[in-house]
Amino acid sequence: MLTPLILSGGSGTRLWPVSRRNLPKQFLSLAGSGTLFEQTIRRTRELPGVTAPIVVASEDHRFLAAEQLMEAGVEGATIILEPMARNTAPAIALGALHAVEQDPDAILLVLPADHLIGDTANFVDAVTRALPTAAAGWLVTFGIRPDRPETGFGYIRRGEQLPEGGFRVERFVEKPDLPTAQAYLEDGGYDWNSGMFLFKASRYLEELAGHAPEMLAAVRAAHAAAKADLDFVRIDADLFARSPDDSIDYAVMEKTRRAAVLPVSCGWSDIGSWSALWLAGERDADGNLREGDTLTVNAHGCLLRSHERHLIAAVGVDNLVVVSTPDATLVAHRDAAQDVKKVVDQLKASGRTEHSFHRVVRRPWGSYDSLEAGERFQVKRIVVKPGASLSLQKHHHRAEHWIVVSGTAEVTCDDKVFLLGENQSTYIPLGSVHRLRNPGKVPLELIEVQSGSYLGEDDIVRFDDVYGRA
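Every chain is numbered on its own, with residues counted from 1 as its sequence reads. In keeping with the model being predicted, local features are shown solely for residues with a pLDDT of at least 70 and side-chain atom pairs are shown and tallied solely at 80 or more, while totals for entire chains, interfaces and linings include all residues. As a rule here, side-chain values cover all heavy atoms of the structure and leave hydrogens and water aside.

Looking up the protein in an unreviewed UniProt entry gives the name mannose-1-phosphate guanylyltransferase, with the organism given as Dyella lutea. In UniProt, the protein has this text filed under Sequence similarities (unreviewed entry): "Belongs to the mannose-6-phosphate isomerase type 2 family." UniProt, in the comment section headed Pathway (unreviewed entry), describes the protein in these words: "Nucleotide-sugar biosynthesis; GDP-alpha-D-mannose biosynthesis; GDP-alpha-D-mannose from alpha-D-mannose 1-phosphate (GTP route): step 1/1." UniProt positions are given in the numbering used here, feature names are shortened, and annotations may be inferred rather than shown by experiment.

As structure tokens, this is what we get:
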């Protein structure tokens, strides 16, 4: 049984300001059709004999993962929630433990959720060719045939060819400097380390037991104590926190004697920076990758990405990255795109929120857009999906005014339940127990004006919630 294991815990900080903690790059449409997560899921459906996927995701992204699985038309998937990030080795162990419970001979296809693959046919062919090698007990990684000297990736040196297919891994190599990367390209015996793997779930657990027993013990205990929560598997946080924080490369692949590599050319990119997205995208005659409302005059080699209703005009510049969102604008030289992470680090250190939240924040019931804020007030545009409802809640520090722009709102305020239509409004006093629901078949849009001494999102006491957040 071939089971995709989708790792979806990344934060994508190098693609700020579009990618943020509450909406990281795997859940964004950056290239191709649909989000990177949806593309990854759909790609696995092309494989022969494949089962429903296992997704390991951050608890903060559980509803995003569930919604995008539904958008991709996938049923029966398992979503395992990591209570905190512990790198790829423990995350894969969670998936492997779950897989062997379903099938002791399960073969896992481990895929990051945030990679781009332009040639699905070659990808499917590579996985199919690697299956006999994995079935024979090898831990297979897919090496990407390099087409340029790249200093941003690790490399794999191929050893002798294996009878089952692929090559024995001679060694893993850290990210090289430019002259070394050029030498690897000219040598022809090196491939990029893609972070994609194929192996029997039981074999991975065996290797983990031999090379990282403390990690396996912690993950096994956390998995055994897991609880079902709606459609999710919630891992025990205290037990999982005991696991070391290590990558699969460090914990297993660099230590095992049964590592194999299968070279493949499939239009792969890890979309690890804006410069990587520029390389992977369709550029115009001047080498510019443009999205949204953009104009160029004598500009070359630029990446321009504009938020809707915001014009970006580039004049007489070369090799720039200019990315705008409603609350932030990034301007960087394309060669310095890896340093965007340092901006995120500064935002964290200064206590700002732009690294975590967009102005538009998605929730399982819809979204809200923070239009304006000042001392003791905040204005939001709220959109509630048809049939969806917010939690039954109250606030200790703020009152709210709701004005319906379109659709129908069912309002609960203490012991009253009533409907509001377009252009109607209501007042929710401080301390009142209230709920907002959309009983209609079209989205409900309203303007919310908050006023009070504290307006933070943590001033919510939930009494009842269909999404399990109470």
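Still more to cover.
Side note on the overall build of the protein
Helix numbering and strand numbering both begin at the N terminus, where a helix is a DSSP run of H or I of at least 4 residues and a strand a DSSP run of E of at least 2. Looking only at helices and strands, one finds eleven helices and 30 strands in the protein. Here the globule rule reads 2.2 Å times residues to the power 0.38, and the radius of gyration is calculated from C-alpha atoms. For 470 residues, the compact-globule estimate of 2.2 N^0.38 gives 23 Å, and the protein sits close to it at 24 Å. A burial count over the protein gives 52% of its 470 residues as buried. When contacts within the protein are restricted to residue pairs at least 6 apart in sequence, long-range pairs at least 24 apart make up 68% of them. Here the accessible surface of atoms and residues is derived via Shrake-Rupley with a 1.4 Å probe, and residues count as covered only by protein chains that are part of the display. Entry remark: accessible area of the protein is about 20700 Å², with carbon and sulfur atoms responsible for 49%. Summary of the burial criterion: residues with accessible area below 20% of their type's maximum are buried, those above 50% are exposed, and those between are partly exposed, where the area comes from a 1.4 Å probe applied to protein chains only. Throughout, a contact is declared for two residues whenever any of their heavy atoms are within 4.5 Å.

Quick notes on the pattern of salt bridges
The working definition used for a salt bridge is a side-chain nitrogen of Lys or Arg within 4 Å of a carboxyl oxygen of Asp or Glu. Following the criterion strictly, the structure yields 27 salt bridges and no others. Among the ionic pairs, Glu150 bridges to Arg148, the shortest N-O distance being 3.2 Å. The class of Glu150 is buried, set by a relative accessible area of 15%. Residues participating in the shared-partner salt-bridge network are Glu59, Asp229 and Arg234.

Considerations on the nonpolar core
Inside soluble globular proteins, nonpolar side chains tend to come together where they are buried. Counting residues in hydrophobic clusters, the biggest one holds 90 residues, and the most contacted among them are Phe37, Leu109, Phe123, Phe142, Leu198, Trp274 and Leu436. The leading source of residues in this core is helix 4 (residues 120–135), at six residues. Discounting chain neighbours no more than four positions away, the residues touching Leu109 are Leu2, Thr3, Pro4, Leu5, Leu47, Phe123, Val127, Phe142, Phe197 and Leu198. We call a set of buried Ala, Val, Leu, Ile, Met, Phe, Trp, Tyr and Cys residues a nonpolar core when their side-chain atoms join them within 4.5 Å.

Brief notes about the side chain of Lys380
Summarising the element assignment, Lys380 is placed in strand 22 (residues 377–384). Nitrogen and oxygen atoms within 3.5 Å of one another constitute a polar contact, given that in protein one can donate a hydrogen and the other can accept it, and given that sequence-neighbouring residues count only through two side-chain atoms. A polar side-chain atom of Lys380 sits 2.4 Å from a polar atom in the side chain of Glu457. Residue contacts for Lys380: discarding those within four places in its chain leaves Tyr368, Asp369, Ser370, Leu371, Leu446, Ile447, Glu448, Gln450 and Glu457.

So, the packing of aromatic side chains
Each Phe, Tyr or Trp ring (for Trp, its six-membered ring) is paired with any other whose centre lies within 6.5 Å, and the angle between the two planes then decides the class: stacked below 30 degrees, edge-to-face above 60, tilted in between. On inspection of all chains with the given rule, the structure shows nine aromatic pairs. A centroid spacing of 5.2 Å and a plane angle of 65° characterise the contact between Phe153 and Trp268, whose relative ring orientation is edge-to-face. Placement of the pair is Phe153 in the loop between strand 6 (139–144) and strand 7 (155–161) and Trp268 in strand 13 (residues 268–269), with a sequence separation of 115 residues. Note on accessibility: Phe153 and Trp268 belong to one class, buried. For the ring pair Trp192 and Trp268, a centre distance of 6.4 Å and an interplane angle of 45° mean the geometry is tilted. Placement of Trp192 in strand 9 (residues 190–200) and of Trp268 in strand 13 is noted, with a sequence separation of 76 residues between them. Both residues of the pair, Trp192 and Trp268, belong to the buried class. Chaining the aromatic ring pairs together yields one cluster made of Phe153, Trp192 and Trp268. Of note, Arg43 hangs over the ring of Phe123, and the distance from its end group to the ring centre comes to 6.0 Å. Sitting above the plane of the Phe167 ring, Arg158 keeps its charged end 5.5 Å from the centroid. Should the NZ of a Lys or the CZ of an Arg lie within 6 Å of a ring centre and within 35 degrees of the ring normal, that charge is described as sitting over the ring.

A look at the sheet that holds strand 24 (residues 398–406)
The strand order across the open sheet formed by six strands is 20-21-22-29-24-27, and the pairing between neighbours is antiparallel. For this open sheet the edge positions go to strand 20 (360–363) and strand 27 (425–428), each flanked by a neighbour on one side alone. Here the strands of the sheet are splayed against their neighbours by 20° on average, with no regard to which way each runs. One requirement defines pairing of two strands: DSSP has to find at least two bridges between them. Here, axes are lines fitted to C-alpha atoms. For helices the fit covers the stretch in contact, and angles between N-to-C directions go from 0 to 180 degrees.

Structural notes on the UniProt feature "domain: Nucleotidyl transferase" (unreviewed entry) in the protein
Feature annotation in UniProt places "domain: Nucleotidyl transferase" (unreviewed entry) on residues 4–284, given in this structure's numbering. Across residues 4–284, helical content stands at 36% and strand content at 24%; the span's end C-alpha atoms are separated by 36 Å.

A look at the sheet that holds strand 16 (residues 303–305)
Across the sheet, four strands lie side by side as 14-16-18-19; this open sheet has mixed pairing. Looking at the sheet topology across the chains shown, the edges are occupied by strand 14 (289–291) and strand 19 (328–333). Across this sheet, the average inter-strand angle for adjacent strands is 5°, counted without regard to direction.

Looking at the environment of Leu36
The residue Leu36 is located in helix 1 (residues 36–44) in this model. With 158 residues separating them in the primary sequence, Leu36 and Ser194 have C-alpha atoms 16 Å apart. Excluding residues within four positions of it along the chain, Leu36 makes contact with Lys25, Gln26, Leu28, Leu30, Ala113, Asp114, His115 and Leu116.

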